[in-house]
Amino acid sequence: MSQEVISRNQIDNRLRRQVYQHFIDTGRAPTVLDLATKLDLTAEDIKRSCQRLSEQQSLLVKPGGCDIWMAMPFSGAPTPHRVKIGDKEWYAVSAWDALGIPVMMKSDALIQTVCGDCGRPLEIEISRNKVAESSHLFHFAVPVRDWWDNILYTSSTMSLFDSDAHISNWCSKHGVEKGVVMTLSDGWKFALAWFEDRLDPDWRWRSSGEIREIFASLGLTDEFWRMT
Ligand SMILES: [Zn+2]
């Protein structure tokens, strides 16, 4: 690997971590100026790094600019998925991503979302690294091999429902083939495996093999979870 690529990767890694830290500290997405100031880099360096990470879909920038819009699980724009920890609050990209915020922060949390079908308000309580039992169900509509075709579309379909009947109802109303239904506690285990190490200093985007290992460790081995 050339020195140039190494230093580019280092910048991207520092930037990604600072984006998360800014979300955690302030509850909102950082601007290019926020990042340039904090990382002691030029705005051009920040924009190029944001562009690279955006192309990998590690984060998304606002249309027409380079300010951060989303860094999964955090959303800088309002969504129906709020995560409350103490007196702070964040928006999550999806109902399932909302679990990633207390996982990353290793905190108790209250998540407020809505049933993907009927819009009924639903709450999820996280306490002592466990999710409070409930009959709510996650639905994953997009097979894994298509997740990164458009991560925003994929995330927008990772919803929570108050019943299996409402998942079926939503799929039939919107012409979406029913995907994988997961209990809340299995969704929590999945979020733990996915987000637990996201703030580690040497975290990097996982290879296909590493992602497959995570799925296998959770028993997610059927066609839906295949990478290709
Ligand atoms: Zn419902």
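Residues numbered from 1 in each chain as written. Predicted model: local features only at pLDDT ≥ 70, side-chain atom pairs only at ≥ 80, totals over all residues.

(A) Highlighting the domain arrangement of the protein. Parsing the protein into structural domains produces domain 1 (3–71) and domain 2 (80–225). Inter-centroid distance (C-alpha atoms) of domain 1 to domain 2 is 24 Å. Taken together, the contact between domain 1 and domain 2 spans 11 residues of the former and 12 residues of the latter. Among the residues forming the side of domain 1 that touches domain 2, the class breakdown is 5 nonpolar, 5 polar and 1 charged. (Domains from an automatic or database assignment. Contact = placed C-beta atoms within 7 Å. Nonpolar A, V, L, I, M, F, W, Y, C, P; charged D, E, K, R; others polar.)

(B) Geometry of the packing of helix α1 (residues 3–26) against helix α3 (residues 43–55). Interaxial distance between α1 and α3 falls to 10 Å at its minimum, and their mutual angle equals 85°. Looking at the two axes, α1 sits roughly perpendicular to α3. Each of I11, D12, L15 and R16 in α1 lies in contact with α3, whose residues at this interface are D45, I46, S49, R52 and L53. Class assignment of the residues belonging to the contact of α1 with α3 gives a composition of 4 nonpolar, 1 polar and 4 charged. (Axes fitted to C-alpha atoms, helices over the stretch in contact; angles between N-to-C directions. Helix = DSSP H or I, 4+ residues; strand = E, 2+ residues; numbered from the N terminus. Parallel < 35°, antiparallel > 145°, perpendicular 65-115°, else oblique.)

(C) Main features of the packing of helix α2 (residues 32–39) against α3. As a packed pair, α2 and α3 sit with axes 9 Å apart at the nearest point and diverge in direction by 115°. Classified by the interaxial angle, the pair formed by α2 and α3 is roughly perpendicular. When you trace α2 past α3, the crossing you get is right-handed. When α2 is examined against α3, the residues V32, L33, L35 and A36 are found in contact with a partner set consisting of A43, I46 and K47. When grouped by side-chain class, the residues that make up the contact of α2 with α3 number 6 nonpolar, no polar and 1 charged. (Left-handed = near helix turned anticlockwise from the far one by under 90°.)

(D) Summary view of the sheet that holds strand β4 (residues 82–85). The strand order across the open sheet formed by 8 strands is β1-β2-β3-β5-β4-β6-β7-β8, and the pairing between neighbours is antiparallel. Only two strands of the sheet have a single neighbouring strand rather than two, namely β1 (60–61) and β8 (130–131). As paired strands, strand β2 (residues 68–71) and strand β3 (residues 74–75) are joined by 2 bridges and run antiparallel to one another. Among the inter-strand pairings, A71 is bridged to a residue of β3, identified as F74. (Pairing = 2+ DSSP bridges.)

(E) Region of the structure containing the environment of F138. When you line up the elements, F138 lands in strand β9 (residues 137–140). Here the alpha-carbon distance between F138 and T157, two residues 19 residues apart in the chain, equals 9.8 Å. Residues within four places of F138 in sequence aside, it is in contact with A95, W96, M158, L160, M182 and G187.

(F) Representation of α3. Compared with an ideal rise of 1.5 Å per residue, which puts 13 residues at 18 Å, α3 spans 18 Å between its outermost C-alpha atoms and is within 8% of the ideal. Inspection of α3 places I46, S49, C50 and L53 among the buried residues, and these make up the whole buried set. On an axial view of α3, the arc spanned by its buried residues comes to 100°, and they lie on one face. Across from the buried face of α3, at angles greater than 90 degrees, the exposed residues are E44, Q51 and E55. The elements touched by buried residues of α3 are α1, α2, β1 and β2. One or two residues past the end of α3 sits Q57, with phi positive at roughly 60°. (Expected span 1.5 Å × (residues − 1). Buried ≥ 20, exposed ≤ 12 C-beta atoms within 10 Å, placed from the backbone. Arc of directions from axis to C-beta.)

(G) A look at unusual backbone geometry. For the peptide bond that leads from M72 to P73, omega is 15°, which places it in the cis range. Mapped onto the fold, P73 is located in the loop between β2 and β3. Phi angles above zero are rare outside glycine, and D40 is one such case at about 55°. With respect to the element layout, D40 can be found in the loop between α2 and α3. Backbone geometry at R128 places phi at a positive 50°, although glycine is not the residue there. Mapped onto the fold, R128 is located in the loop between β7 (121–127) and β8.

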